[in-house]
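# Secondary and tertiary structure notes
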Amino acid sequence: MSAGEYDRYDRIRGVLADADEPLTAREILALVEECDECEAIDSPHRVATVLGRRAERGEVEVIAGQPYRYRLAT
């Protein structure tokens, strides 16, 4: 896993940690983009990909639906 992917996950994880409810990839991306100093994430698909990999490790819970929603695993 590249350093850039760790950085993306750290920002995404921060957004999820602050959220009161599960969020969609699009909602997560919008909140990550509010950080002016952060490297940009190019799409909701990238957010979903990063979170999908972390879900395989049990770090993130994916809530099936249309659209998928994500939250940190507890």
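Relevant structure appears above.
Residues numbered from 1 in each chain as written. Predicted model: local features only at pLDDT ≥ 70, side-chain atom pairs only at ≥ 80, totals over all residues. Heavy atoms only, no water.

### Points about the packing of helix α2 (residues 25–32) against helix α3 (residues 44–56)
- Where α2 meets α3, the closest approach of the two axes is 8 Å, and the angle between their N-to-C directions is 105°. Looking at the two axes, α2 sits roughly perpendicular to α3. Contacts between α2 and α3 involve A25, R26, I28 and L29 from the former and P44, V47, A48 and L51 from the latter.
- Here the residues of the contact of α2 with α3 sort into seven nonpolar, no polar and one charged. (Axes fitted to C-alpha atoms, helices over the stretch in contact; angles between N-to-C directions. Helix = DSSP H or I, 4+ residues; strand = E, 2+ residues; numbered from the N terminus. Parallel < 35°, antiparallel > 145°, perpendicular 65-115°, else oblique. Contact = heavy atoms within 4.5 Å. Nonpolar A, V, L, I, M, F, W, Y, C, P; charged D, E, K, R; others polar.)

### A word on the environment of Y70
- Here Y70 lies in strand β2 (residues 69–72).
- Remark: the alpha-carbon pair of Y70 and A48, spanning 22 residues in sequence, is separated by 8.7 Å.
- Aside from chain neighbours lying at most four places away, what touches Y70 is L16, P22, L23, T24, A25, I28, A48, L51, V60, E61 and V62.

### Here we look at α3
- Given a rise of 1.5 Å per residue, 13 residues ought to cover 18 Å, and the 18 Å separating the end C-alpha atoms of α3 matches this to within 8%.
- Taken together, the buried positions of α3 are V47, V50, L51 and R54. Looking straight down α3, one finds that the buried residues subtend no more than 95° of arc, so they occupy a single side. Opposite the buried face of α3, at more than 90 degrees from it, the exposed residues are H45 and E56.
- G58, located one to two residues past α3, shows a positive phi value of around 85°. (Expected span 1.5 Å × (residues − 1). Buried < 20%, exposed > 50% of the residue type's maximum accessible area, 1.4 Å probe, protein only. Arc of directions from axis to C-beta.)

### Looking at the nonpolar core
- Within the largest apolar cluster, 16 residues are counted, with the highest numbers of intra-cluster contacts made by I12, L16, I28, V47, L51 and Y70.
- For this core, the secondary-structure elements that each account for two or more residues are α1 (3–18), α2, α3 and β2.
- I12 has contacts with I28, V32, I41, V47, V50 and L51, leaving out every residue within four places of it along the chain. (Core = buried A, V, L, I, M, F, W, Y, C linked by side-chain atoms within 4.5 Å.)

So yeah, pure geometry; function would need other evidence.
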